[in-house]
Amino acid sequence: METSVLQKARYAYRPKLPAILTGNIEDIALRFGEPTGAAADDGALAKLFEHIYGKPIAGFVKGKNETIGKPLLAGVILSGGQAPGGHNVIAGLYDGLKKGNPASRLLGFLGGPSGLLEDRALEITGDLIGQYRNTGGFDIIGSGRTKIESPEQFAAALETVRKRGLDAVVIIGGDDSNTNAALLAEYFAAGGSSAQVIGCPKTIDGDLKNEYIETSFGFDTAVKTYSELIGNIERDAASARKYWHFIKLMGRSASHIALECALQTQPNVCLISEEVEVKNMSLDEIVGEICASVVKRAADKNNFGVVLIPEGLIEFVPEMKKLIKELNDLMAVYSGELSGITNFIDQMYWLDRHLSNQSSGFFKTLPPEIARELLADRDPHGNVQVSRIETEKLLIGMVEKKLGELKKLGAYGGKFSALAHFFGYEGRCAFPSNFDADYCYSLGFTAFMLIASGLTGYISSVRNLTAPAERWVPAGVPLTMMMNMEKRQGASKPVIKKALVELEGAPFRLFAARREEWAMKTLYHYPGAIQYFGPPEVCDEPAKTLKLEHP
Ligand code: FBP
């Protein structure tokens, strides 16, 4: 493999570990807390997860650990969208296994959960992992979005585990994939298998977090990559003074990425889906908010600006939310009938008969490209594929129209020329920041400690992340503790609770306090590129969201 100069330099980077995980691992003992409950719906979850529900949180302390040295065979799966640092989770897991016993081995299942179901795997060797340390991407074994849900799939997973003689499987994924990890752990335990399942919190979206998961890995690098690009665009906008840039940012339903990028770059407008939902804002009101900034800035001869749009925005606009819910239910109930109607016009007629009057009326007002995307296949977890909906273009069109009306009324005299961008894939495979490189390695090493200690149905957790890495606190947290029941594809299912932006939280409050000024003036902030070498305040600084949430 040909490697870049930076890649070679990053191979040599030694990720930092929490102090408790350094030194002799036979001297790291487990300390258990009290039995745990669930995020909500305790009764239903206790029934569904009879074998893994209610376990205590497992922390680490100095002390003798008798179980740690036996040789183990573990498997690892990368699941869902790429997030910077995945390779380092595998590196931390691999190094832990080898430190526990050099005879331990690690298999990487290929292409996500389907690799486990179809028993496609390769052995992770020292040479192989050496080529991927501290690099972005998931290409060492690939990823996939297969949801393990049918009885045949669970049986196939158990069959692979038995055939291979696996002691444990580590699933590196987001909320849906870690829900799968809990289901698998329960299935294995109920089926009399001793195979353990451990999850790791991954997603650039930042929505897999709670009291025990301070942030999901990949968020830090992704937001820094997008913020660099947004800062560059802001500087271009302020230099050319002729464009409004509408930038959609990944993040699925959650606006954590957009909010963090706003705090880093101080754009003129940043929409936050969770606020749109709470305030019940219609599309028209959202457009009004953007136009207010355009009009004010035009009065100062600033016919340029930057607008950040979270990719899930569209799902939170009340009329759209109602429409999507109705579409999801119809697509679940009439999937056979609907898939037989391939022509868009015929689909519209069919929907006209099945949607409520309000949703049908709203659906007809949408540009055809957006309507088509709403009818496209859901992902395997039943989510609308929001990254494909061109909200940024929809908003540009609507803003243009509204400004035209304002011009006629004499309320606006500027020029409006807009450009659309979408930043998502650009940040998912970046070289992990030092923070993500260290955090991921620690998560992988912690996953090994949980396996070696015989635990199952736990997620690897590392906390106190705003302190220097040696003071980070690793632990194992029962997956069921983060779960509740939600309606998915028409049925009530156990899922890990998504963390959306809290309007009472410190990051949003800071943003809300500053945004009026940003809307009028040009107060752009240019964070520049991620730095890997240099003083800690330049290289190791975590994201603002994390610092504000954990002062
Ligand atoms: P995960 O939730 O699996 O981490 O994926 C995150 C994400 O990048 C979202 O931000 C985005 O909506 C989605 O993946 C895009 O999916 P795909 O990679 O299938 O196009």
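Preceding block: the structure.
Residues numbered from 1 in each chain as written. Predicted model: local features only at pLDDT ≥ 70, side-chain atom pairs only at ≥ 80, totals over all residues. Heavy atoms only, no water.

Visitor: Report on helix α6 (residues 151-164), specifying residues and quantitative values.
Guide: Spacing of three or four residues puts side chains on the same side of an α-helix, whose turn is 3.6 residues. Helix length check: α6, at 14 residues, gives a terminal C-alpha distance of 20 Å against a target of 20 Å (1.5 Å per residue), a fit within 8%. Within α6 the residues assigned to the buried category are Gln-153, Phe-154, Ala-157, Leu-158, Thr-160 and Val-161. With its buried residues spanning 155° around the axis, α6 presents them on a single face. Exposed and facing more than 90 degrees away from the buried side of α6 are Pro-151, Glu-152 and Lys-163. (Helix = DSSP H or I, 4+ residues; strand = E, 2+ residues; numbered from the N terminus. Expected span 1.5 Å × (residues − 1). Buried < 20%, exposed > 50% of the residue type's maximum accessible area, 1.4 Å probe, protein only. Arc of directions from axis to C-beta.)

Visitor: I'd like a rundown of helix α11 (residues 283-299), residues and numbers included.
Guide: Between its terminal C-alpha atoms α11 stretches 24 Å, which fits the 24 Å expected from 17 residues at 1.5 Å a residue. Of all the residues in α11, the buried ones are Leu-283, Ile-286, Val-287, Ile-290, Cys-291, Ser-293, Val-294, Arg-297 and Ala-298. An end-on view of α11 places all buried positions within 155° of arc, on one side of the element. The first or second residue beyond α11 is Lys-301, which carries a positive phi of 65°.

Visitor: Let's hear about the sheet that holds strand β12 (residues 418-423): which residues, and what values?
Guide: Here we have four strands laid out as an open sheet, ordered β10-β11-β9-β12, and parallel in their pairing. The outermost strands of the open sheet, each flanked by one partner alone, are β10 (269-270) and β12. Across two bridges, the pairing between β10 and strand β11 (residues 305-310) is parallel. Opposite Val-269, over in β11, you have Val-307 as the bridge partner. Packed onto the sheet, α11 meets β9 (244-249), β10 and β11 and runs at close to 150° relative to β9. (Pairing = 2+ DSSP bridges. Contact = heavy atoms within 4.5 Å. Axes fitted to C-alpha atoms, helices over the stretch in contact; angles between N-to-C directions.)

Visitor: A description of the pattern of salt bridges should follow, citing residues and the corresponding values.
Guide: A full pass over the atoms with the stated rule returns 24 salt bridges. With a closest N to O distance of 3.1 Å, Lys-163 and Asp-119 form a salt bridge. Here Lys-163 is found in helix α6, whereas its partner Asp-119 is found in the loop between α4 (113-117) and β5 (121-123), with 44 residues between them in sequence. Assessed through its relative accessible area of 18%, Asp-119 is described here as buried. (Salt bridge = Lys/Arg side-chain N within 4 Å of Asp/Glu carboxyl O.)

These results come straight from atomic positions and should not be treated as a statement about function.
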